[in-house]
Amino acid sequence: MAQSIAPLARAAPLAYDARAVTDDRTRPQVEIQIDSIAAGGEGVGRDDDGRVTFVSHAAPGDRVRADVVREHRRYARAELTEVTQPSAVRVEPPCPLFANATCGGCQLQHLDAGAQAEAKAAIVAGALRRHVAQGMELRPIQTPVSPYRWRRRARFHWFRPRGAKGAIIGFFAPRTHRVTDVERCPQIEDSLEQALAVLRTDLAPALGRRGEILAVSGHRGDVHLSIHGNADAGVVANLVGRGPITGVRLGKQRIGEQGVELEPGALGQADDFAQASRDGNVALVRAVTGAASPVSGSRVLELYAGTGNFTRALASAGAEVVAVERARPPELIPPGVDWRRLPAERALADLVGTGHAFDLAVLDPPRTGAREVVPALLELAPARILYVSCDPATLARDLDALAEGGYEPTWARPMDLMPQTAHVEIVAEARRLGAELSPRG
Ligand SMILES: C[S@@+](CC[C@H](N)C(=O)[O-])C[C@H]1O[C@@H](n2cnc3c(N)ncnc32)[C@H](O)[C@@H]1O
């Protein structure tokens, strides 16, 4: 995909603009060496007393000065004020809102691509260390996504200061719910940036005090929006046809198209879950179906199915799928799929004790993980479990519970699907000890 931003350059030593945001000379200052990146994206080093210190916008290999803003017994948080010796992996962030620490959408723009991948692989290795020590294979990280312009889905926030002519539309500032005014964003697809421009000119004056706008762009560049908060319904209706916007939802009111085609054969609305990057999703579906394969004739239980992202691929490869998702079902449920619109805990309670047997379970829970479903999953005892996770810590916790219940975590594959952010995706497998794996899987 074309990258319409300036190429990244190696950074010279720099004084960080964060001082402008957080200037407070009474804060204690530290000068520390940064060794690694934490799960939230901050640089991690130790102060003179050996206390772990988290510094946002710091790179591994940097030597930095930072103001301590929060102190705990065992760790401290500090804000970067100056990079005294820049790391070899440090690059110039292309976005001024990242460089001056006012937008919280990205955490790693100051690291080159290799360092981001290395940091994410190390975060996963740290979370899974107990399992790796017991023989789980940690596979190399995959990086299938272009560094910028990969985001096909966005959550814009708005805030209207009292007496203002219009609302500020943008993203939250780092670690706050303060809205930063965002005119350009190098992460979002071009069509989303064009839609953002329309929102800023047309909709901002018609918005109430506070709210959010979900936006998703289809593979043809059309955009569907869902507005949550008070807005003038007439102005909202007129958004359809402006720039790439083809459909809008405001409460019960739906104007124009009801959604977009995310990729051929897959419809999605702005309120639905969709993997954030198009190329990342292709790689993720390939990783899941490749690991599941061959599934022809297999019975597959899929939990947290979203709008059928993996379901379609599993069903077209010949699996019989029971798919469970609490949100609305997809427009088209593929043949051979038993779709259950239920919370996963409830669906599993229904399945346990009814004689259903599964060769494979595929789980893709939200960040909080799948703790609630593990006991019922152990009762259903599929021969294999493929667990797709966006949080290494909850994955490690749930693998602990599966291991206690008689499963062996066999391998995990980190994937960087969201460059410049601290997010990392993982596909992991666990096998039931003593299970006869059928030739199908
Ligand atoms: C990370 S998304 C995965 C969706 C899908 N696998 C995909 O790739 O697009 C997690 C999904 O779990 C759903 N979900 C969250 N909690 C749930 C629950 N308790 N029971 C069933 N579905 C749930 C959400 O609605 C969301 O669609």
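As the structure is a computational prediction, the values presented were derived from the model and not from experiment.

A. Quick look at the site of the ligand. Close to the ligand lie 16 residues; Gln-275, Asn-309, Glu-325, Ala-344 and Asp-364 are nearest. Between Ala-344 and the ligand, the recorded distance is 2.7 Å, taken from a backbone N or O atom to a nitrogen atom. At 3.1 Å from a nitrogen atom of the ligand is found a side-chain nitrogen or oxygen belonging to Glu-345. Summarising the interface, the protein chains cover 90% of the accessible area of the ligand, which totals 600 Å² for the free molecule. Those elements giving two or more residues to the shell around the ligand turn out to be helix H8 (309-316) and helix H9 (344-351). Considered class by class, the residues forming the shell around the ligand number nine nonpolar, three polar and four charged.

B. Focus on the packing of helix H3 (residues 113-127) against helix H11 (residues 392-404). Viewed as axis vectors pointing N to C, H3 and H11 meet at an angle of 30 degrees, and their least axial separation amounts to 9 Å. The angle between H3 and H11 places the two elements in the roughly parallel class. The element H3 and its partner H11 pack so that their crossing is right-handed. Contacts from Ile-123, Val-124 and Ala-127 of H3 reach H11 at Pro-392, Ala-393 and Ala-396. In the contact of H3 with H11, the residues fall into six nonpolar, no polar and no charged.

C. View of the domain arrangement of the chain. When cut into domains, the chain gives domain 1 (18-106), domain 2 (122-145 + 276-432) and domain 3 (153-268). Each of domain 1 and domain 3 was reduced to a C-alpha centroid, and the two centroids are 32 Å apart. Contacts between the two partners involve ten residues from domain 1 and, on the opposite side, ten residues from domain 3. Taken together, both faces of the contact between domain 1 and domain 3 bury some 740 Å²; the carbon and sulfur share is 66%. On the domain 1 side of the interface with domain 3, the three residues burying the most area are Leu-97, Thr-102 and Cys-103, jointly 39% of the side's total. Our count for the contact surface shared by domain 1 and domain 3 stands at zero salt bridges. Our enumeration of links across domain 1 and domain 3 arrives at two residue pairs in polar contact (both at pLDDT 80 or more). A breakdown of the residues in the side of domain 1 that touches domain 3 according to their chemical character gives five nonpolar, four polar and one charged.

D. Local environment of helix H7 (residues 278-292). Here H7 is 15 residues long and its end C-alpha atoms lie 21 Å apart, about the 21 Å a rise of 1.5 Å per residue gives. Where H7 begins, one side-chain oxygen reaches toward the backbone nitrogen of Asp-279, 3.4 Å away; that side chain belongs to Ser-277.

E. Looking closely at the packing of H7 against H8. Interaxial distance between H7 and H8 falls to 10 Å at its minimum, and their mutual angle equals 45 degrees. Compared by their axis directions, H7 and H8 come out oblique. Judged by the sense of rotation from one axis to the other, the crossing of H7 with H8 is right-handed. Contacts between H7 and H8 involve Asn-281, Leu-284, Val-285, Val-288, Thr-289 and Ala-292 from the former and Asn-309, Phe-310, Ala-313 and Leu-314 from the latter. Looking at side-chain class alone, the contact of H7 with H8 contains seven nonpolar, three polar and no charged residues.

F. Geometry of the environment of Arg-210. The topology assignment puts Arg-210 in strand E10 (residues 210-217). Spatially, the C-alpha atom of Arg-210 lies 6.3 Å from that of Arg-160, the residues being 50 residues apart in sequence. Beyond its immediate chain neighbours, meaning those up to four positions away, Arg-210 contacts Trp-158, Phe-159, His-177, Val-179 and Gly-229.

G. Region of interest: the sheet that holds E10. Strand order in the open sheet made by the seven strands is E9-E8-E7-E10-E11-E12-E13, with mixed pairing throughout. A single partner strand is all that each edge strand has here, and the edge strands are strand E9 (179-181) and strand E13 (253-256). Averaged over neighbouring strand pairs, the angle between their axes works out to 30 degrees when direction is ignored. The pairing of strand E12 (residues 245-250) with E13 spans four bridges and is classified as antiparallel. In the sheet register, Gly-247 faces E13, and the bridge partner there is Gly-256. In the packing of helix H5 (residues 190-203) onto the sheet, the strands contacted are strand E7 (153-159), strand E8 (168-172), E9, E10, strand E11 (223-228) and E12, and the crossing angle to E10 comes to about 145 degrees.

H. Inspection of the sheet that holds strand E2 (residues 43-46) at higher detail. With mixed pairing, the five strands of this closed barrel are ordered in space as E1-E2-E3-E5-E4. In this sheet, neighbouring strand axes are inclined to one another by 50 degrees on average, regardless of whether the strands run parallel or antiparallel. Bridge analysis of E2 against strand E3 (residues 52-56) gives four bridges, and the strand direction is antiparallel. Considered in E3, the bridge of Gly-43 is made with Val-55.

I. Representation of the pairing of E11 in the model. Across the six residues of E11, five count as buried, placing the element largely inside the fold. Across six bridges, E10 lies against E11 in antiparallel orientation. Bridge pairing in E11 places Val-216 opposite His-224.

J. Summary view of the pairing of E10. Counted residue by residue, E10 has seven buried out of eight residues, so it is predominantly covered. Judged from the seven bridges that link them, E7 and E10 form a sheet pairing that is antiparallel. Paired with Phe-159 across the bridge in E10 is Arg-210. Between E10 and E11, which pair antiparallel in sequence order, lie five residues; one of them, Gly-221, sits at a positive phi of approximately 90 degrees.

Conventions used here
- Residues numbered from 1 in each chain as written.
- Predicted model: local features only at pLDDT ≥ 70, side-chain atom pairs only at ≥ 80, totals over all residues.
- Heavy atoms only, no water.
- Near = heavy atom within 4 Å.
- Polar contact = N/O pair within 3.5 Å; in protein donor to acceptor, adjacent residues only side chain to side chain.
- Areas by Shrake-Rupley, 256 points an atom, 1.4 Å probe, with all protein chains shown as cover.
- Helix = DSSP H or I, 4+ residues; strand = E, 2+ residues; numbered from the N terminus.
- Nonpolar A, V, L, I, M, F, W, Y, C, P; charged D, E, K, R; others polar.
- Axes fitted to C-alpha atoms, helices over the stretch in contact; angles between N-to-C directions.
- Parallel < 35°, antiparallel > 145°, perpendicular 65-115°, else oblique.
- Left-handed = near helix turned anticlockwise from the far one by under 90°.
- Contact = heavy atoms within 4.5 Å.
- Domains from an automatic or database assignment.
- Buried area = accessible area lost by both parts, 1.4 Å probe.
- Salt bridge = Lys/Arg side-chain N within 4 Å of Asp/Glu carboxyl O.
- Expected span 1.5 Å × (residues − 1).
- Pairing = 2+ DSSP bridges.
- Buried < 20%, exposed > 50% of the residue type's maximum accessible area, 1.4 Å probe, protein only.

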